[in-house]
Amino acid sequence: MAGGTEDVRKLFIFTTTQNYFGLMSELWGQALLYNSPEINNFLDDGNQMLLRVQRSDAGVNFSNTIDFADTKDKVLVFFKLRPEVITDQNLHTNILVSSMLESPINSLYQAVRQVFAPVLLKDQEWSRNLDPKLQNLLSELEAGLGIVLRRSDTNLSKLKFKEDDTRGILTPDDEFQFWIEQGHRGNKQISKERANYFKELFETIAREFYNLDGLSLLEVVDLVETTRNVVDDVWRQTEHDHYPESRMLHLLDIIGGSFGRFVQKKLGTLNLWEDPYYLVKENLKAGISICEQWVIACNHLTGQVWQRYIPHPWKNEKYFPETLDKLGKRLEEVLAIRTIHEKILYFLPASEEKITCLARVFEPFTGLNPVQYNPYTEPLWKAAVSQYEKIIAPTEQKIAGKLKNYISEIQDSPQQLLQAFLKFKELVKRPTISKELMLERETLLARLVDSVKDFRLDFENRCRGIPGDACGPLSGKNLSEVVNNIVWVHQLELKVNDTIKIAEALLSDLSGFRSFHRSAEDLLDQLKLYEQEQFDDWSRDIQSGLSDSRSGLCIEANSQIMELDPNDGSLKVHYSDRLVILLREVRQLSALGFVIPAKIQQVANIAQKFCKQAIILKQVAHFYNSIDQQMIQSQRPMMLQSALAFEQIIKNSKAGSGEKSQITWDNPKELEGYIQKLQNAAERLATENRKLRKWHTTFCEKVVTLMNIDLLRQQQRWKDGLQELRTGLASVEAQCPLTWQSKWEGPEDPLQYLRGLVARALAIQSWVERAEKQALLSDTLDLSELFHPDTFLNALRQETARTMSCSVDSLKFVASWKGRLQEAKLQIKISGLLLEGCSFDGNRLSENQHDSPSVSSVLPCFMGWIPQGSYGPYSPDECISLPVYTSAERDRVVTNIDVPCGSSQDQWIQCGAALFLKNQ
């Protein structure tokens, strides 16, 4: 078999080589093939295991070895499974055929990744029979080859890292893994930090891409938006060296490829022609959205946003993912065909004709998978669509009249007319139906003309007003005035654009379309001019404010971060709220497509750099400035030490121990440490406040419980509750001021408390009986018999004012030991007053003698309210105003009365003279 022209072995090698290299048979002779010693050795010598074929200028070269130089061009390799002579019988069972592209590493990696790893690791039969150690080794081999491939430049004899080389990056997962590896293996610390920074940015989407096939179409719709934000952050970062443009271009391409393959795989599980319409529609719309959104994202980022981003501008032409765009358009065609079919069925009666339509209409698409878009399937698709249109043409003719009748019934209502055209727009686009609905489409065009006029009038009436006012632009949340105005007019633009799109899709052949289109475009130009004017005014205002230190727009990196205001003691952060608003405005205006002036962008970049720390400091400052409002008044002394410690940290904001310089924005390490100290101190203070507030609530609940206890029948329960209260107070006794502990009123002995309660209750009953007999004010009264004597005196004041027909503020309270008050319309005689710190004989105060009691009784006196201008029973110069307390503890004042004392008032203040009611 070594030389005959019928040698099927050599014919196999000849045909395979010719097909692989795309050779024409006349360019290389079969004589070369049949006389080649390398081929003969491979076929006829059982020891010769390999035949290498490589393209050359003369045709092809054969060899029985593989050299390193062979890897420069693509290589075809024939090799044997067993060391045998090749015969007609074992030709197809003993020869394996393989190719090498770019490098042996790449070829081996792709073979393991695409062929052998899936078969040996994922197939149940093979994985069950393969030793686990071998499975691990195979996985490690795949991972190791991938690492080498991602880090190598195959044009060099030694492996060398080259960041612009993306030949080993075939999927987004490869790119994410690349930066992980760089973070571990980088040569320099700066390179490692940069790689880890990119790795952290990509972590937001890495998990989703790794598990992409497990996500739903709707989840990937959200992933597209997240991915857009991530790549934008990667491109805009200024912490490290910029992300290479060529690498970003490649990343955008492989992300689009991943999205496209995902959409094809998910929609490939559906029968797009026979599955329920709602299911097909929902999935197709999601698939279209994925394609459209990524195309829009790439176009917007590389065509507008990044080209205008001064720190790292995009230099190439804008990137347009053409294949993904065409896939999206193919899906739109499929959805349109299914939608037209559904709308046709809507107008067809339930009959045999309808069944026939269902059975025949999609026959042209039999055997054609519509989601498999490529240049080779496009002619087949167009032919199938053309045949489909021929099939539905007779049916369209029949339903045109029905659709005309349907629309004519609602054409008097502009909104319903528009909704009808939108509902059946796929049918209206059909030439036959469009011609039949000529009059109705003219009516729709007139309605759209009116809509554009309304949009113009609304804009002209509101454009000069204040957002939120009845005659101003509609207002949104969290938007400054300039951004609000631009967003409002942008929404008007969208409405006008929607109107234009409807007209272009359904009405472009009508005579009035051009006039409508010009009017709508003129309005769009007017709206865009307003947008630009708003932006220009904002730019001028901001740039003017940059030169004014009082505007709040200036931030110096070496300036002090915060200080205590010397006027009101409040803590102020040197990062104004106007800067926060500016950051939001810059971000929002950039997203709307405006080019931010370089000076403003520079300030925004500096502000953004410190924004995170500033927000934390503002939170701390707000806590410091408002903590007193969060404290219970009586508990403030208990938190004094913690508050002073917190304030001490604020006052000692030094750059380090022993340093004199203040911490500034451009000291990130010291700033982070200082913020941590502030947060820890604030947390301690907040925790302590929460603990004390909790105890306060607990004490209140226990006191309320004690108030509801029957003291006659449940004395032990009272004592137990009181003991619980004492135990709780003991837990905070170290912090508890004496004034707070004394807030508990009443005796510890419940019987004593009960006797006082009963005595007052009986006295009140006596007061009521005397009041009913109109004899209350004529008797001598004891104010200690009342629960709230101050309330009684205030009631006397109000009754006096009514009697005298004057205001309560025009009266003053007086007491007299000389007899009745001449100027008082109503007065009472009071007994039961006690005096401490001195003695009183009814005429004037006198010092206590060594044998005098510390507390003495006071003679009864008359009390009442008289006009402010009246002289009263005593001269002001010979009196001192003494407080009247409810008890000897002097914790609650009932009123103040003037007592005659002679001329030396300071003497009685120094001796602590005071009146109080006797105990019941």
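All figures in this text were calculated on a predicted structure; none of them were measured in a lab.

Turning next to the environment of glutamine 18. Within the secondary structure layout, glutamine 18 lies in helix α1 (residues 8-21). Sequence-wise, glutamine 18 and valine 60 are 42 residues apart; in three dimensions their C-alpha atoms are separated by 9.6 Å.

Here we come to the side chain of threonine 443. Along the chain, the position of threonine 443 falls in helix α19 (residues 438-462). What makes threonine 443 buried here is its relative accessible area of 18%. Apart from the residues within four sequence positions on either side, threonine 443 is in contact with Gln411 and Leu417.

Quick look at the nonpolar core now. Grouped together as the largest cluster of nonpolar side chains are 107 residues, with contacts concentrated most on Phe202 and Met248. With twelve residues, the single largest contributor to this core is helix α12 (residues 277-305). Each of domain 2 (158-365) and domain 3 (411-544) accounts for three or more of the residues forming this core. Aside from chain neighbours lying at most four places away, what touches phenylalanine 202 is Phe176, Trp179, Val230, Val234, Tyr243 and Leu251. If you look at the next biggest cluster of nonpolar residues, it comprises 48 residues, including Val483, Leu582, Leu685 and Leu692.

Adjacent strands of a sheet pair through backbone hydrogen bonds, lying either parallel or antiparallel. Overall, mixed pairing links the five strands, which are arranged β13-β10-β17-β15-β16 in an open sheet. With partners counted over all chains shown, the strands left at the sheet margins are β13 (855-857) and β16 (893-900), one partner each. This sheet shows a mean twist of 30° between the axes of neighbouring strands, independent of strand direction. Across two bridges, strand β15 (residues 879-885) lies against strand β17 (residues 914-917) in parallel orientation. Each bridged residue has a counterpart across the sheet, and for valine 884 the counterpart in β17 is leucine 915.

Turning next to the side chain of histidine 300. Mapping histidine 300 onto the fold places it in helix α12. Setting aside its immediate chain neighbours within four residues, histidine 300 contacts Arg228, Val305 and Ala591.

Moving on: the packing of helix α11 (residues 245-267) against α12. Taken N-terminus to C-terminus, the directions of α11 and α12 make an angle of 175°; their axes are 10 Å apart at the nearest point. Judged on the interaxial angle alone, α12 and α11 are roughly antiparallel. Across the interface between the two elements, Leu252, Ile255, Gly256, Phe259, Phe262, Val263 and Leu267 from α11 touch Asn283, Leu284, Gly287, Ile290, Trp294, Cys298 and Thr302 from α12. Across the contact of α11 with α12, the residue classes break down as ten nonpolar, four polar and no charged.

Turning next to a negative patch on the surface. A cluster of like negative charges, contributed by Glu208, Glu219, Asp222 and Glu225, occupies part of the molecular surface. The element contributing the most residues to the negative patch is helix α10 (residues 217-236), with three residues. Relative to the elements of secondary structure, glutamate 208 occurs in helix α9 (residues 189-210). For glutamate 208, a relative accessible area of 30% translates into the label partly exposed.

Attention now goes to the environment of lysine 825. Mapped onto the fold, lysine 825 is located in the loop between β8 (811-816) and β9 (827-831). Here the alpha-carbon distance between lysine 825 and glutamate 799, two residues 26 residues apart in the chain, equals 9.6 Å.

What follows concerns the confidence of the model for the protein chain. When pLDDT is averaged across the protein chain, the result is 81; 86% of the residues are at 70 or more. Low pLDDT, under 50, characterises residues 153-160; the predicted model gives this stretch 13 contacts beyond four residues in sequence or across chains. Per-residue pLDDT stays below 50 along residues 655-660; that stretch engages in six contacts with residues further than four places along the chain or on separate chains.

How each quantity is defined
- Residues numbered from 1 in each chain as written.
- Predicted model: local features only at pLDDT ≥ 70, side-chain atom pairs only at ≥ 80, totals over all residues.
- Heavy atoms only, no water.
- Helix = DSSP H or I, 4+ residues; strand = E, 2+ residues; numbered from the N terminus.
- Buried < 20%, exposed > 50% of the residue type's maximum accessible area, 1.4 Å probe, protein only.
- Contact = heavy atoms within 4.5 Å.
- Core = buried A, V, L, I, M, F, W, Y, C linked by side-chain atoms within 4.5 Å.
- Domains from an automatic or database assignment.
- Pairing = 2+ DSSP bridges.
- Axes fitted to C-alpha atoms, helices over the stretch in contact; angles between N-to-C directions.
- Parallel < 35°, antiparallel > 145°, perpendicular 65-115°, else oblique.
- Nonpolar A, V, L, I, M, F, W, Y, C, P; charged D, E, K, R; others polar.
- Patch = residues over 30% accessible without salt bridge, like charges linked within 9 Å, V, L, I, M, F, W, Y side chains within 5 Å.
- Areas by Shrake-Rupley, 256 points an atom, 1.4 Å probe, with all protein chains shown as cover.
- Salt bridge = Lys/Arg side-chain N within 4 Å of Asp/Glu carboxyl O.
- Lys, Arg positive; Asp, Glu negative; His and termini not counted.
- Charge placed at Lys NZ, Arg CZ, Asp CG, Glu CD.
- pLDDT = per-residue confidence, 0-100.

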